[in-house]
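A closer look at the structure
Here are the chains, one letter per residue:
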Amino acid sequence: MNLLEVRNLTKHFPAKSGMTSSGGNVVKAVDGVSFNIAQGEVLGLVGESGSGKSTTGRLILRLLEPTSGNVHFEGKDVFALPKHQLRELRKEMQIVFQDPYGAFNPRLTVGNIIGEALELRGVPKNSRASTVAHYLEMVQMPANVASRYPHEFSGGQRQRIGIARALAVEPKFIVADEPVSALDVSTQAEIVNLLLDLQKRLNLTMLFISHDLSVVRVLCDRVAVMQNGLLVEVADSEQIFRAPQQEYTRELLAAVPIPDPARARRKAA
Ligand SMILES: Nc1ncnc2c1ncn2[C@@H]1O[C@H](COP(=O)(O)OP(=O)(O)O)[C@@H](O)[C@H]1O
Ligand SMILES: [Mg+2]
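Predicted model only: the values in this text are computed from it and were never measured.

Let us look at helix 3 (residues 110-120). Within helix 3, the full set of buried residues consists of Val110, Gly111, Ile113, Ile114, Gly115, Ala117 and Leu118. Phi turns positive one or two residues past the end of helix 3, at glycine 122, with a value near 75°.

Structural data, given as structure tokens:
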């Protein structure tokens with residue numbers, strides 16, 4: 001069953017310079033994009049910087065108003081929902097950002113940050129501390145970090161806290177927008193493995209946005225490739241990596257760093 005159905009999603013921004021290279025006065029950030037995400041599925045959204053990935057993610061959560069098109073979540077028309085129902089929907093969809101630091105109130109402790117999410121779904125005050133500990137454990141952090149502040153943590157640890165906060169709302173759907181792109185390579189692997197583990201345990205449905213195909217390969221069931229606001233290819237992960245149909249996808253794949261040095265040397269030769 002499809003949890004999410006995106007149809008002809010379009011977002012045009014006014015161009016800053018007044019004119020774009022294509023002669024129009026708008027930036028077609030997202031230009032008629034359609035795809036589905038099934039319950040329990042992870043769809044990767046890839047493409048180079050500026051191709052419209054983040055705009056797509058933000059439109060789905062209605063953090064941005066669309067120019068046209070529609071999004072159905074569990075059959076509900078997201079863009080037609082009145083404000084009070086939108087608040088309900090926000091509990092069912094969460095976003096994890098590249099660096100959650102900007103989204104954390106720096107004056108709140110980790111316990112309060114996760115606690116806010118629990119309050120949102122009505123967890124009673126007297127069981128909040130133990131529930132916070134439960135979500136910290138899920139992201140492999142000790143319960144005592146609850147009394148500390150976000151700035152005390154490394155990027156990888158902050159990303160764990162961001163994931164814990166998103167999970168604490170018990171969402172049905174998560175948009176992860178480049179959640180490991182700001183991290184060093186070894187930390188990236190840790191967070192990707194954590195997400196993989198959580199996805200399997202909780203049967204999470206996710207839109208996983210990344211410009212890095214090596215990360216997408218590990219996590220995603222299917223991959224949607226975006227170029228200049230358009231979806232150019234959507235296929236099973238396996239198919240995308242084994243036999244990409246589009247030249248643009250092949251170019252993206254060619255830009256993925258090759259971990260095997262011998263293979264890298266052969267390629268360079
Ligand atoms: N708020 C905005 N105002 C104007 N242009 C924007 C805005 N947000 C994004 N864009 C433009 O839309 C295009 C797609 O951006 P974005 O969705 O952030 O791409 P990606 O996440 O793939 O890097 C880019 O050309 C970007 O400059
Ligand atoms: Mg982006």
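With that out of the way, let us pick up the side chain of threonine 249. Inspection of the secondary structure puts threonine 249 in helix 9 (residues 247-254). Only 2.7 Å separates the side chain of threonine 249 from the side chain of glutamate 233, close enough to count as a polar contact. When sequence neighbours within four positions are dropped, the list of residues in contact with threonine 249 reads Val225, Glu233, Ile240 and Pro244.

Taking 1.5 Å of rise per residue, the 14 residues of helix 5 (residues 155-168) would be expected to cover 20 Å, and the 20 Å separating its terminal C-alpha atoms lies within 8% of that figure. Considering only its buried residues, helix 5 is in contact with strand 6 (93-96), helix 3, helix 4 (128-138), strand 7 (173-177) and helix 6 (185-202). At the exit of helix 5 stands glutamate 170, carrying a positive phi of roughly 55°.

To continue, consider the site of ligand 1. Around ligand 1, the surrounding shell consists of Phe13, Val27, Ala29, Glu48, Ser49, Gly50, Ser51, Gly52, Lys53, Ser54 and Thr55. Taking glycine 52, its main chain carries an N or O atom lying 3.0 Å from an oxygen atom of ligand 1. One nitrogen or oxygen atom from the side chain of serine 54 is found 2.9 Å from an oxygen atom belonging to ligand 1. When ligand 1 is considered free in solution it has 560 Å² of accessible area, and contact with the protein chains removes 63% of it. Among the secondary structure elements, those contributing two or more residues to the shell around ligand 1 are strand 2 (26-38) and helix 1 (53-60). Sort the elements by how many residues they give to the shell around ligand 1 and helix 1 lands first, with three residues. Per-class residue counts for the shell around ligand 1 are three nonpolar, six polar and two charged.

Spatially, the four strands line up as an open sheet ordered 2-1-4-5, and their pairing is antiparallel. Sheet topology places strand 2 and strand 5 (76-77) at the edges, where each strand pairs with a single neighbour. Contacting strand 1 (2-14), strand 2 and strand 4 (68-73), helix 1 crosses the sheet at an angle of about 120° to strand 1.

Counting 52 residues, the largest nonpolar core has Ile114, Tyr135, Leu136, Ile163, Leu167, Leu198 and Phe208 as its most contacted members. The residues touching isoleucine 114, leaving out its near neighbours within four places in the chain, are Val132, Tyr135, Leu136, Ala164, Arg165 and Ala168.

So, how was this worked out
- Residues numbered from 1 in each chain as written.
- Chains lettered and ligands numbered in written order.
- Predicted model: local features only at pLDDT ≥ 70, side-chain atom pairs only at ≥ 80, totals over all residues.
- Heavy atoms only, no water.
- Buried < 20%, exposed > 50% of the residue type's maximum accessible area, 1.4 Å probe, protein only.
- Helix = DSSP H or I, 4+ residues; strand = E, 2+ residues; numbered from the N terminus.
- Polar contact = N/O pair within 3.5 Å; in protein donor to acceptor, adjacent residues only side chain to side chain.
- Contact = heavy atoms within 4.5 Å.
- Expected span 1.5 Å × (residues − 1).
- Near = heavy atom within 4 Å.
- Areas by Shrake-Rupley, 256 points an atom, 1.4 Å probe, with all protein chains shown as cover.
- Nonpolar A, V, L, I, M, F, W, Y, C, P; charged D, E, K, R; others polar.
- Pairing = 2+ DSSP bridges.
- Axes fitted to C-alpha atoms, helices over the stretch in contact; angles between N-to-C directions.
- Core = buried A, V, L, I, M, F, W, Y, C linked by side-chain atoms within 4.5 Å.

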